[in-house]
Amino acid sequence: MKAENRRTFLKIGGAGILAFFALIWNKLTLNHIQISKQKEVVVPVSNKEVTFTDDYIIIQQNGETTVLSSHCTHLGCKINATENGRLLCPCHGSAYDLQGKVLQGPAFKNLERISSEISADGRQIIIKG
Ligand code: FES
């Protein structure tokens with residue numbers, strides 16, 4: 001085998017090995033993301049109407065519990081404040097009602113509703129994010 005052919009063979013082989021590891025890394029990373037998206041979070045029931053956590057907004061109103069994603073549908077900033085019954089995004093001024101419906105843009109999609117249930121003893125909210 002000529003030196004030039006050997007170099008070409010090594011380049012192609014090296015690229016193949018890199019592509020293989022990139023594929024494996026991609027698979028592992030995607031699996032990790034899917035697992036973390038299926039997390040279950042337990043939060044104590046509170047007497048507050050609105051509770052903010054890292055990823056969720058918990059609304060307890062008229063005996064009903066609603067869990068919304070805290071990530072603004074505009075560009076993903078965390079919504080972390082309420083004013084006059086409106087959830088406010090600190091980044092560009094979007095506002096939502098307490099059911100997650102857009103009241104003011106630039107966001108135009110409602111907040112994502114997250115499945116949840118109250119524990120049997122009524123003390124915890126189990127969020128199935
Ligand atoms: Fe919320 Fe832009 S990210 S308004």
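From a predicted model like this one, the values you see are computed outputs, not experimental measurements.

(A) Expanded view of the nonpolar core. In this structure, Ile57, Ile59, Ile79, Leu87, Tyr96 and Leu111 are the most contacted members of the largest nonpolar core, which totals 14 residues. Among the nonpolar cores identified, the runner-up in size contains seven residues, and Tyr56, Ile58, Ile114 and Ile127 belong to it.

(B) Structural context of the sheet that holds strand β7 (residues 95-96). Overall, antiparallel pairing links the four strands, which are arranged β5-β6-β7-β8 in an open sheet. Of all the strands in the sheet, just β5 (81-83) and β8 (102-104) have a single pairing partner and so form its edges.

(C) Highlighting the state of the cysteines. Under the criterion given, the structure shown has one disulfide. Each sulfur in the disulfide pair Cys77 and Cys91 lies 1.9 Å from the other. Handedness here is read from the sign of the S-S torsion; for Cys77 and Cys91, about -95 degrees, the answer is left-handed. Taken together, the positions of Cys77 in the loop between β4 (64-69) and β5 and Cys91 in the loop between β6 (86-88) and β7 put the pair 14 residues apart, joining distant regions of the chain. Using a relative accessible area of 37% as the deciding quantity, one classes Cys91 as partly exposed.

Reading guide: rules and limits
Residues numbered from 1 in each chain as written. Predicted model: local features only at pLDDT ≥ 70, side-chain atom pairs only at ≥ 80, totals over all residues. Heavy atoms only, no water. Core = buried A, V, L, I, M, F, W, Y, C linked by side-chain atoms within 4.5 Å. Buried < 20%, exposed > 50% of the residue type's maximum accessible area, 1.4 Å probe, protein only. Pairing = 2+ DSSP bridges. Helix = DSSP H or I, 4+ residues; strand = E, 2+ residues; numbered from the N terminus. Disulfide = S-S within 2.5 Å.

The quantities given are spatial measurements derived from coordinates; they are silent on function.
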